[in-house]
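Coordinate inspection notes
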Amino acid sequence: IKDIDSIAEAVRERASYTGNVILGNSKYVEDSSSVLESHFVLGSTVVTDSKYVAYSRYVKGGEYCFGIFGSTKAEYIVKSMGSELKRCFECHMVEVLSDCYYCAKTQNCHDCMFCFGTYNGSHQIGNTPLPKEKYLQIKAKLLSEIVEKIRKDKEIFSLLTLIEKCSDKKPDSRLKLQKVE
C-alpha cells in the first residue's frame, strides 16, 4: 500500500455492496435496505411489517411514516421516535401518544402540544391542561401557523433544535434527523 489509489484497489477486491436487502413479501421498495414484509418504502433502512414509509430508520409495524428514527406501532407520524403513536409530529422518546405535536418524554397522552415529561395528559399546551374547547381553539390557530410556515419556507423548526437552543448540553448527534430535500 503506497498511496490512496492502492488502498482503494485493495479494498475494491475484498468489498462487496450489501445494500438493497429486501426480504419476505415486500414490494415497491426503492433506495432502501433491510426491509422485511413491507410495502411502499423509500429511502429507509431496517423496516419491518410496515407500509408507506419514507426516509426513516428502525420502523416496525408502521403505516404512513416519514422521517422516523425508531418507532413501533406507529401510524401517520412525521419526524418522531417512540412506540404506539398515532397522528404525531415531532414527538421524540415517547410512548402511547395520539394527536400530539412537538412533545418529548411523554407517555400515555393525547391531544397535546409542546409538552415535555407529561404522563397521562390530554388537552395540554406547554404542559398546561386546558378545557377541551379552549385547547381545540388554540390548536387550530397553532396548526394553521405551522402549515403556513411550511408552505412559505418549505421547512419547519425541529423540536431537537429548540431543545438544543435552550440547553447548555447538546443532544446526541445521532438523534438529529437528516434534512430531506
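Here goes a summary of the coordinates provided.

Definitions and cut-offs
- Residues numbered from 1 in each chain as written.
- Predicted model: local features only at pLDDT ≥ 70, side-chain atom pairs only at ≥ 80, totals over all residues.
- Heavy atoms only, no water.
- Helix = DSSP H or I, 4+ residues; strand = E, 2+ residues; numbered from the N terminus.
- Buried < 20%, exposed > 50% of the residue type's maximum accessible area, 1.4 Å probe, protein only.
- Contact = heavy atoms within 4.5 Å.
- Areas by Shrake-Rupley, 256 points an atom, 1.4 Å probe, with all protein chains shown as cover.
- Salt bridge = Lys/Arg side-chain N within 4 Å of Asp/Glu carboxyl O.

This brings us to the overall build of the chain. Of the regular secondary structure elements, the chain holds three helices and 13 strands. Burial statistics for the chain: of 181 residues in total, 33% are counted as buried. In the chain, of all internal contacts separated by at least 6 residues, the share reaching a separation of at least 24 is 10%. Total accessible area on the chain is roughly 11600 Å²; 53% of this is exposed by carbon and sulfur atoms.

You will see that Y64, though not glycine, has its phi angle at about 55°, which is positive. Among the secondary structure elements, Y64 is positioned in strand β8 (residues 63–66). Here Y64 falls in the partly exposed class, since its relative accessible area comes to 36%. One non-glycine residue, D111, adopts positive backbone phi at about 55°. Structurally, the position occupied by D111 is in strand β11 (residues 107–113).

Turning to the environment of L136, a few remarks are in order. When you line up the elements, L136 lands in helix α2 (residues 132–153). Along the backbone, L136 and H123 are 13 residues apart, and their C-alpha atoms lie at a distance of 7.9 Å.

Another point: the pattern of salt bridges. Side chains bearing opposite charge may pair, as long as their charged atoms lie close to each other. For the structure shown, the criterion picks out five salt bridges. Salt-bridge contacts for K139 lead to D111; the nearest nitrogen and oxygen are separated by 3.8 Å. Separated by 28 residues along the polypeptide, K139 in helix α2 and D111 in strand β11 bring together distant segments of the chain. Classification of D111 by relative accessible area gives buried; the value is 14%. Between K149 and D153 there is a salt bridge, and its shortest N-O distance comes to 2.5 Å. Note that K149 and D153 are positioned in helix α2 at a spacing of four residues, about one turn of the helix.

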